[in-house]
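Structure assessment
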Amino acid sequence: MSQRTFASIAKDSVPKVLAPTVQAFVRDFKTNEPLSITNLSSTVFAAPLRKDILHRVVVWQRDNMRQGTKSTKTRSEVAGTSKKQAPQKGRGKARVGDGKAPHMTGGGIAFGPKPRDFGTKLPRKVQDFGLRVALSTKYAQDQLSIVETFDSVDSLKTRDLAELLSEAHQHQDQTFLMIINSDNDRLQLAARNLPRCEVIYVEETNALDLLSYDKVFLEKSAVDILEAALTPQ
């Protein structure tokens, strides 16, 4: 009996190889003019755009931001007498207990909220992945700007910073997040009173802030720190 053989036709396919780096302009923060071109790690700034990972990370962050300080008094905690409010029989009405019962005016709260911790847990690898996806999303949407330094801000007045953002970065109806690598008192003082502007250190970078602002400015010296911290081992 002859053995039947099945031939499988395999199409020659070239695997997609992700470039190790992507490029971005390094701009002058004060004028928004490009100064040079820098290479960014594709692992950190060109990661797959996973909405499910972003959702998990944002929910985890917001859970841990909840204070959980709501508190109500139960019948054992409210002030009042424990005396029975009416005779047990003879009134033709329902039986009642003391004045601190939940159904009495001024009584305690039944099953009311008490202080609790709303925090949830998320694996560290998922946290880092979510941050890479958030950075990659901003890069893909052209909402991430690498600036040489913020030292060009030479005034600590909020009015001067607002004018700079309006002239060089179209400040109207946009929100800005500035990620710095070292202390910058002038920038921090100037941005403190701008309602749609926030300055954070590179160690404080998180997915929720990245997604909450329209434009993200990242200091060039902070890029290496993010890549070192977020590149999978």
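Below is a short write-up of the structure. Source: prediction; values computed, not measured.

**Some words on the sheet that holds strand S3 (residues 144-147)**
The 6 strands lie next to each other as S2-S1-S3-S6-S4-S5, forming an open sheet whose pairing is mixed. Of all the strands in the sheet, just strand S2 (34-41) and strand S5 (197-201) have a single pairing partner and so form its edges. Each neighbouring strand pair of the sheet contributes to a mean axis angle of 30°, computed without reference to strand direction. The strands touched by helix H7 (residues 220-230) are strand S1 (21-27), S2, S3 and strand S6 (215-219); relative to S6, the strand with the most contacts, the crossing angle is about 90°.

**A closer look at the nonpolar core**
Core analysis: the largest hydrophobic core is formed by 31 residues, its most contacted members being Phe45, Leu135, Ile146, Leu177, Ile179, Leu210 and Leu218. Per-element tally for this core: the top contributor is helix H3 (residues 124-140), with 6 residues. Contacts of Ile179, omitting those with residues within four sequence positions, involve Phe150, Ile200, Tyr201, Val202, Thr205, Leu210, Val216, Phe217, Leu218 and Glu219. Judged by nonpolar contacts, the second largest core, of 17 residues, contains Leu164, Leu165, Ala190 and Ala191.

**Re the pattern of salt bridges**
What the rule picks out here adds up to 5 salt bridges. The residue Lys30 makes a salt bridge to Asp154 at a minimum N-O spacing of 3.3 Å. Of this pair, Lys30 sits in the loop between S1 and S2 while Asp154 is found in the loop between S3 and helix H4 (158-169), placing the two residues 124 residues apart along the sequence. For Lys30, a relative accessible area of 37% corresponds to the partly exposed category. Of the charged contacts, one joins Asp98 and Arg75 as a salt bridge, the two residues approaching to 3.5 Å between their closest N and O atoms. Of this pair, Asp98 sits in the loop between helix H2 (51-65) and H3 while Arg75 sits in the loop between H2 and H3, and the two are 23 residues apart along the sequence.

Calculation criteria
- Residues numbered from 1 in each chain as written.
- Predicted model: local features only at pLDDT ≥ 70, side-chain atom pairs only at ≥ 80, totals over all residues.
- Heavy atoms only, no water.
- Pairing = 2+ DSSP bridges.
- Helix = DSSP H or I, 4+ residues; strand = E, 2+ residues; numbered from the N terminus.
- Axes fitted to C-alpha atoms, helices over the stretch in contact; angles between N-to-C directions.
- Contact = heavy atoms within 4.5 Å.
- Core = buried A, V, L, I, M, F, W, Y, C linked by side-chain atoms within 4.5 Å.
- Buried < 20%, exposed > 50% of the residue type's maximum accessible area, 1.4 Å probe, protein only.
- Salt bridge = Lys/Arg side-chain N within 4 Å of Asp/Glu carboxyl O.

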